Amino acid sequence: MTIDQTDRDLLARLQEDATQSYAVLGEAVGLSAGAAHERVRKLRAAGVIRRTTIEVDPAALGNGVLAYVLLDTDAWMGDAPTVEALEGIAAVEEAHIIAGPASVLVKVRTGSTEALQQTLRALHQVDGVTSTQTVVVLESFFERPPTVM
């Protein structure tokens, strides 16, 4: 699917507030409500819009400890059993195969450093993980969604 400027404008507006009506979206980008709805439907069907959700403050839910963990491994980590094992650890929000000082980078959120330690123990139990290096975030300046240009 080719994304044109109107699609990009729709995506940017949806990222700001996904609850806007198609009439409001269409008016903002110079389309009718029906045309805006059809474009959004096509963006969803093409996988450009993966899902519609809300953004929640993790600290408000008791998950104020953010850490990034590098996993050293002795095996390829992109296969189903490993992915399923990482997905099974509730505190793991993201997992990425990387090039660099480790094989995998995971983003972890917990409610305490004790819970982080339990999560690190669980990560060590994943087949192929030989060691971890953890960076705890003290303060986040900002986090943002992908930029639609």
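Notes on the structure follow. Residue numbering note: each chain is counted from 1, following its sequence as written. Totals for whole chains, interfaces and linings use all residues, but because this is a predicted model, local features are given only for residues with pLDDT of at least 70 and pairs of side-chain atoms are given and counted only at 80 or more. Values shown for side chains rest on all heavy atoms present in the structure; no hydrogens or waters enter the calculation.

1. Some remarks on the packing of helix α2 (residues 22-29) against helix α3 (residues 33-45)
So, step 1. Relative orientation of the contacting elements α2 and α3 amounts to 95°, with a least axis distance of 7 Å. Here α2 is positioned roughly perpendicular relative to α3, judged by the angle of their axes. Of α3, the residues touching α2 (which contributes Tyr-22, Ala-23, Leu-25 and Gly-26) are Ala-33, Ala-36, His-37, Val-40 and Arg-44.
So, step 2. Taken together, the residues that form the contact of α2 with α3 break down as six nonpolar, two polar and one charged. Axis geometry follows a simple rule: fit a line to the C-alpha atoms, using only the stretch in contact for helices, then measure angles between N-to-C directions, giving values from 0 to 180 degrees. Counting from the N terminus, the helices are DSSP H or I runs at least four residues long and the strands are E runs at least two residues long. We call two directions roughly parallel when the angle between them is under 35 degrees, roughly antiparallel when it is over 145, roughly perpendicular when it lies between 65 and 115, and oblique otherwise. Any two residues having at least one pair of non-hydrogen atoms within 4.5 Å are treated as being in contact. Classification used: nonpolar for Ala, Val, Leu, Ile, Met, Phe, Trp, Tyr, Cys and Pro, charged for Asp, Glu, Lys and Arg, polar for all others including Gly.

2. A short note on the pattern of salt bridges
So, step 1. A carboxyl oxygen of Asp or Glu within 4 Å of a side-chain nitrogen of Lys or Arg is what we treat as a salt bridge. This model, assessed by the stated rule, comprises eight salt bridges.
So, step 2. Residues Asp-4 and Arg-39 are paired through a salt bridge, measuring 2.8 Å at the closest nitrogen-oxygen approach. Of this pair, Asp-4 sits in the segment before α1 (5-16) while Arg-39 sits in helix α3, placing them 35 residues apart in sequence.
So, step 3. Taking the relative accessible area as the measure of exposure, Arg-39 reaches 24% and is therefore partly exposed.
So, step 4. Two residues, Lys-107 and Glu-93, come together in a salt bridge whose shortest N-O distance is 3.8 Å. For each residue, the accessible area found with a 1.4 Å probe, counting protein chains only, is set against the maximum for its type, and the residue is called buried under 20%, exposed over 50%, and partly exposed in between.

3. Quick word on the sheet that holds strand β3 (residues 104-110)
So, step 1. One bridge is not enough; two strands pair if DSSP finds at least two bridges between them. As summarised here, the arrangement of the four strands in space is β2-β3-β1-β4, forming an open sheet in which the pairing is antiparallel. Each edge of the sheet is formed by a strand with only one pairing partner; in this case those strands are β2 (92-97) and β4 (129-137). Across this sheet, the average inter-strand angle for adjacent strands is 20°, counted without regard to direction.
So, step 2. Alignment of strand β1 (residues 65-73) against β3, held across seven bridges, turns out to be antiparallel. Bridging across to β3, Val-69 finds its partner in Val-106.
So, step 3. Helix α5 (residues 113-124) contacts β1, β2, β3 and β4 of the sheet and is inclined by roughly 155° relative to β4.

4. So, α2
So, step 1. Taken as a whole, α2 has its buried residues at Leu-25, Gly-26 and Val-29. Summarising the axial view, the buried residues of α2 lie within an arc of 95°, below the 170-degree limit, and thus occupy one face.
So, step 2. Those residues of α2 that are buried are in contact with α1 and α3. It is the directions from the helix axis to the C-beta atoms whose arc is reported.

5. A short note on the nonpolar core
So, step 1. Core analysis: the biggest nonpolar cluster contains 17 residues, and Val-69, Leu-71, Val-106, Val-108 and Leu-123 have the highest contact counts within it.
So, step 2. At the level of elements, β1, β3 and α5 are the ones that each hand at least two residues to this core.
So, step 3. The element that contributes the greatest number of residues to this core is β1, accounting for four residues.
So, step 4. Among residues more than four places away in sequence, those in contact with Val-69 are Val-104, Leu-105, Val-106, Val-108, Leu-120, Leu-123, Thr-132, Gln-133 and Thr-134. In this description, a nonpolar core means a group of buried Ala, Val, Leu, Ile, Met, Phe, Trp, Tyr and Cys residues linked to one another through side-chain atoms lying within 4.5 Å.

6. A short note on the packing of α1 against α3
So, step 1. Contact geometry of α1 with α3 gives a least axis separation of 11 Å together with a crossing angle of 85°. Our classification of the angle between α1 and α3 gives roughly perpendicular. In this structure, α1 uses Thr-6, Asp-7, Leu-10, Leu-11 and Leu-14 to contact α3, whose residues at the interface are Ala-36, Arg-39, Val-40 and Leu-43.
So, step 2. Classifying every residue of the contact of α1 with α3 gives six nonpolar, one polar and two charged.

7. Some details on α3
So, step 1. The terminal C-alpha atoms of α3 lie 18 Å apart, and with 13 residues this matches the ideal 18 Å at 1.5 Å per residue to within 8%.
So, step 2. If you check which residues of α3 are buried, you get Ala-36, Val-40 and Leu-43. Axial view of α3: buried residues confined to an arc of 60°, hence all on one face.
So, step 3. Gly-47 sits one or two residues past α3 and shows a positive phi near 85°. Helix span, expected: 1.5 Å multiplied by one less than the number of residues in the helix.

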